[in-house]
Amino acid sequence: MSWTDERVEVLKKMWGEGKSASQIAKELGGVTRNAVIGKVHRLGLSNRSGGASPAKAAAKEKPAAKAKAPDKPKAAPAAEPKQENTVSKPVIRPKLIVTAGQPLPPQPSANEISPEALASVREVEKKAKKLSVMELTERTCKWPVGDPATEDFWFCGLPAQAGKPYCEAHVGVAFQPMSSRRDRRR
């Protein structure tokens, strides 16, 4: 379904008459109530210009004559072009760093890692491909390096061991034998 000029005019006319979005959708055919509401907002037609029954309109006008507070909503149509201008201009937002909400894999302390494994990791990280999360595949090492909140954050990216998420050096650090884990708990 596309919004032709003809269909938009029917929409504007019916909206101005006070018809509901469901009634307009039924009249136009091939469009949902939500599509009508979306188009109304994009066109800036959210304020109804009429369509209320004469009895309801008269009831609304009498309190307006007594109190000046209801006169202020009449100024709202003047603000309508501002809404259209903000919609047409792209909104520039500062780049925000959003954390994933999950902690990084456990980073073992230096005294838990053998010196050989630590040296191996340092050598591997010098050779690492330094991939972003979008560049990772099933076959690349997904070991995170650095702080995710900085631009210096990256993933190892070297070929991963079969069935593991990390390369050989990072597997040696991440996966430790069960016996050494039991010993640490005591």
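Structure: above.
Conventions used here
- Residues numbered from 1 in each chain as written.
- Predicted model: local features only at pLDDT ≥ 70, side-chain atom pairs only at ≥ 80, totals over all residues.
- Heavy atoms only, no water.
- Phe/Tyr/Trp six-rings, centres within 6.5 Å; stacked < 30°, edge-to-face > 60°.
- Helix = DSSP H or I, 4+ residues; strand = E, 2+ residues; numbered from the N terminus.
- Buried < 20%, exposed > 50% of the residue type's maximum accessible area, 1.4 Å probe, protein only.
- Core = buried A, V, L, I, M, F, W, Y, C linked by side-chain atoms within 4.5 Å.
- Contact = heavy atoms within 4.5 Å.

Undergrad: Before we go on, may I ask you to explain the packing of aromatic side chains in this structure?
TA: Within a pair of aromatic rings, the relevant descriptors are the distance that separates the centres and the angle that separates the planes. Enumeration over the complete set of coordinates arrives at two aromatic pairs. On the numbers, 5.0 Å between centres and 75° between planes, the contact of W143 with Y166 is edge-to-face. One end of the pair, W143, is in the loop between α6 (115–127) and β1 (144–145); the other, Y166, is in the loop between β2 (154–155) and α7 (168–174), and 23 residues separate them in sequence. Since its relative accessible area comes to 5%, W143 is described here as buried. On the basis of relative accessible area, Y166 is assigned to the buried category, the value being 11%. Seen from their ring centres, F153 and F155 are 5.1 Å apart, and the 75° between their planes marks the pair as edge-to-face. What makes F155 buried here is its relative accessible area of 13%.

Undergrad: Any chance you could explain the nonpolar core here in plain terms?
TA: Within soluble globular proteins, side chains that are nonpolar tend to cluster in buried spots. V124, C141, W143, C156 and C167 are the most contacted members of the largest nonpolar core, which has 14 residues in total. Residue assignment for this core shows that the elements contributing at least two residues are α6 and α7. Residues within four places of C167 in sequence aside, it is in contact with V124, C141, C156, L158, P159, A160 and Q161. In this structure, L11, M14, W15 and I24 belong to the second largest nonpolar core, which totals 11 residues.

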